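Spelled out, the chains give:
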Amino acid sequence: MALAGRRDAPEPPDFGILKRLARDQLVYLLEQLPGKKDLFIEADLMSPLDRIANVSILKQHDVDKLYKVESRPGPGASDQFCFLVRPRVRSMRLIADIVNADKMSGRSRKYKIIFSPQKFYACEMVLEEEGVIGDVTCDEWSFYLLPLDEDIISMELPEFFRDYFLEGDHRWINPVARALQLLSSLYGPFGRAYGIGRCAKMSYELWRDLEEESDSEGQGRRPEIGHVFLMDRDTDYVTALCSQVVYEGLVDDTFRIKCGSVDFGPDVTSSDKSIKVLLNSQDKVFNQIRNEHFSSVFGFLSQKSRNLQAQYDRRRGMDIKQMKDFVSQELKGLKQEHRLLSLHIGACESIMKKKTKQDFQETIKAEHSLLEGFDIRESTSFIEEHIDRQVSPVESLRLMCLLSLTENGLVPKDYRSLKTQYLQSYGPEHLLTFHNLKRAGLLTEQAAGETLTAVESKVSKLVTDRAAGKITDAFSSLARKSNFRAISKKLGLIPRLDGEYDLKMPRDMAYVFGGAYVPLSCKIIEQVLERRGWQGLEEVVRLLNGSEFSVSGTGAGGGAGRPRHGLQRPCPADSAAEDGPAAECQRVVLAVFLGGCTFSEIAALRFLGKERGCKFIFLTTAITNSARMMEAMIEARA
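Residues numbered from 1 in each chain as written. Predicted model: local features only at pLDDT ≥ 70, side-chain atom pairs only at ≥ 80, totals over all residues. Heavy atoms only, no water.

Notes on the packing of aromatic side chains
Here is step 1: Here the structure, examined in full by the defined rule, presents 26 aromatic pairs.
Here is step 2: On the basis of an interplanar angle of 25° and a centroid distance of 6.2 Å, the ring pair of Phe160 and Tyr164 is categorised as stacked. Residue Phe160 and its partner Tyr164 are both found in helix α6 (residues 159-165); the two are separated by four residues, about one turn of the helix. The burial state of Phe160 is the same as that of Tyr164; both residues are buried.
Here is step 3: Here the aromatic rings of Phe161 and Phe165 are separated by 5.7 Å at their centres, their planes lie at 40°, and the arrangement is tilted. (Phe/Tyr/Trp six-rings, centres within 6.5 Å; stacked < 30°, edge-to-face > 60°. Helix = DSSP H or I, 4+ residues; strand = E, 2+ residues; numbered from the N terminus. Buried < 20%, exposed > 50% of the residue type's maximum accessible area, 1.4 Å probe, protein only.)

Remarks on the side chain of Arg612
Here is step 1: Here Arg612 lies in helix α26 (residues 599-612).
Here is step 2: Side chain to side chain, Arg612 and Glu526 meet in a polar contact 2.9 Å long. (Polar contact = N/O pair within 3.5 Å; in protein donor to acceptor, adjacent residues only side chain to side chain.)

Description of the pattern of salt bridges
Here is step 1: Per the counting criterion, the structure on display carries 37 salt bridges.
Here is step 2: Note that Lys615 and Glu150 form a salt bridge whose closest N and O atoms lie 3.9 Å from each other. Of this pair, Lys615 sits in strand β14 (residues 615-620) while Glu150 is found in the loop between β6 (146-149) and β7 (152-154), placing the two residues 465 residues apart along the sequence.
Here is step 3: Residue classification places Lys615 among the buried residues on the basis of a relative accessible area of 16%. (Salt bridge = Lys/Arg side-chain N within 4 Å of Asp/Glu carboxyl O.)

Comments concerning the side chain of Thr624
Here is step 1: Along the chain, Thr624 falls in the loop between β14 and α27 (626-633).
Here is step 2: According to the relative accessible area criterion, Thr624 is buried, its value standing at 6%.

Focus: the nonpolar core
Here is step 1: By size, the foremost hydrophobic cluster in this structure holds 189 residues, and its most contacted members are Phe83, Trp141, Leu183, Tyr247, Leu442, Leu590 and Leu605.
Here is step 2: Those residues in contact with Leu442 that sit more than four places away from it in its chain are Phe161, Tyr237, Leu241, Cys401, Ser404, Leu405, Leu437, Met629, Met630 and Met633. (Core = buried A, V, L, I, M, F, W, Y, C linked by side-chain atoms within 4.5 Å. Contact = heavy atoms within 4.5 Å.)

Quick notes on the pairing of strand β1 (residues 37-41)
Here is step 1: Within β1, five of the five residues are buried, leaving the element largely enclosed by the surrounding structure.
Here is step 2: Residues Lys37, Leu39 and Ile41 point to one face of β1 and Asp38 and Phe40 to the other, with burial holding for every one of them.
Here is step 3: Relative to strand β2 (residues 63-68), β1 is paired through four bridges, and the arrangement is parallel. Bridging across to β2, Lys37 finds its partner in Val63. (Pairing = 2+ DSSP bridges.)

Digging into unusual backbone geometry
Here is step 1: Following Ser116, the chain continues into Pro117 via a peptide bond in cis, with omega recorded as 0°.
Here is step 2: Locating Pro117 in the fold gives a position in the loop between β4 (110-115) and α5 (121-129).
Here is step 3: Backbone geometry places Glu156, a non-glycine residue, at a positive phi of 50°.
Here is step 4: Relative to the elements of secondary structure, Glu156 occurs in the loop between β7 and α6.

The quantities given are spatial measurements derived from coordinates; they are silent on function.
As structure tokens, this is what we get:
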């Protein structure tokens, strides 16, 4: 898809060891409760657990029955209960109910609570309030990192976004710091750390403190990762709110990828059964289309289908020996590839049907207008129509937030109008949702006087409200440019096109949004790594509200005097001094997204890596998209 740099990108480190460490620790904790036991699992830990230790492994270590933590044990339950939970108050109350119910019935059991990734003081307080603190033993499963693919690691903490960016809760910063410490101990010290955002800075500082307190386990180990870049999600909300148009992003938006796998229903499988499919680089078909713009995918799958048929047709001219070799060596692989090809063709057809019903092209057009700053009034009207038709409460919120972020807040008149229409369409219970969106900085109202000038105020008295609205738009663009507009201009986020953008042979990261917009988060990473710091980006940093940092010699064994390596064209610079393992590691970059990372951003940085001969590794608190972000803000829950 992209032209290769002067050097091929280096191979990523082997992250399989993270799974083995997590599995071994879990087995150790289970065996501390010897004998037959029932395991109660929190719902959102089930998928990560399945990637680490499946049912057969649990059975090997005396786990008898499996329950959801909300379930009540049956009459034939074991005499030992083990609870695998997140450190949540609600879970503690559910556990306390089970323990107290046993006490009331006179049933004696052993209870063990395993917190993942760590225990919080608030949980112990709840257990004490419920009167069961003396009946349970507590332990921690330090399950910080789950490799989803060869270049994607997730902490599987979807609540991180809401807890930190809405509630201001800092409790997940410690797990982030410990995750970074684990990576540096296993894969050697990082040569240089960059970051932007308050959460990124706090996580980095805590990580450094932990390194100083520890025995520096990674000291002397050959580094396998050269740079680490930490970024807060609120540095770039816009990218996360844009409609995804790369294949992997569309699959996530349509079917919800969970823990690296997806459930394809009957509409995809062309049968009455649903199939759970693991989506990673081992899927040869998926690996070739995951980063492609959706418009290119059907053509590729069609050609793949013809090639596969041609391989099957080779059987006709074979003799017995050739047929035997074909069956033993190739047939199984061809059947597997055919099965995967059928699934992805079915997924594409399902995506097309759903997006056609949702007026996807009109939505994309409105988004592009918002990003470019053109036809804002028409885009606002499109959003109003979207709300009035009750297409989707989540989609309507997303478009309103995108309008607010690209315009640096809505003018009071538009804010009140859109809010009123939304509440009338979807219910007054969403009042708190609007409060949350404003608090998180996703949907804000411009203060009086931010855009209205004295002249405009006088003119508006002489014309109708509708005309005044159009004049307001015109004066807004002259009186004050939004931070997004200024940042976009500074970094060149909107490509200047001479003719049509070639999505099959893209020239930059903008292809992930149809050539209309380069993801801000990815552009920042590119610029900082190229410059080897924030020099020359002072104005951008000011517009992003600062909290940037750039530190040399991070991780165990690092030193301030280490050479400054950066992402160059290609990366690193060609020189004899830069050959060997040390140079290889400098071309591996760990991009850490605090608050979630989208598949569009992953695709964009993969493209950049191919162009520059570098390898990006992604560490995220969770995979996110616009729907997940909006759902985290919605309070109107049944």
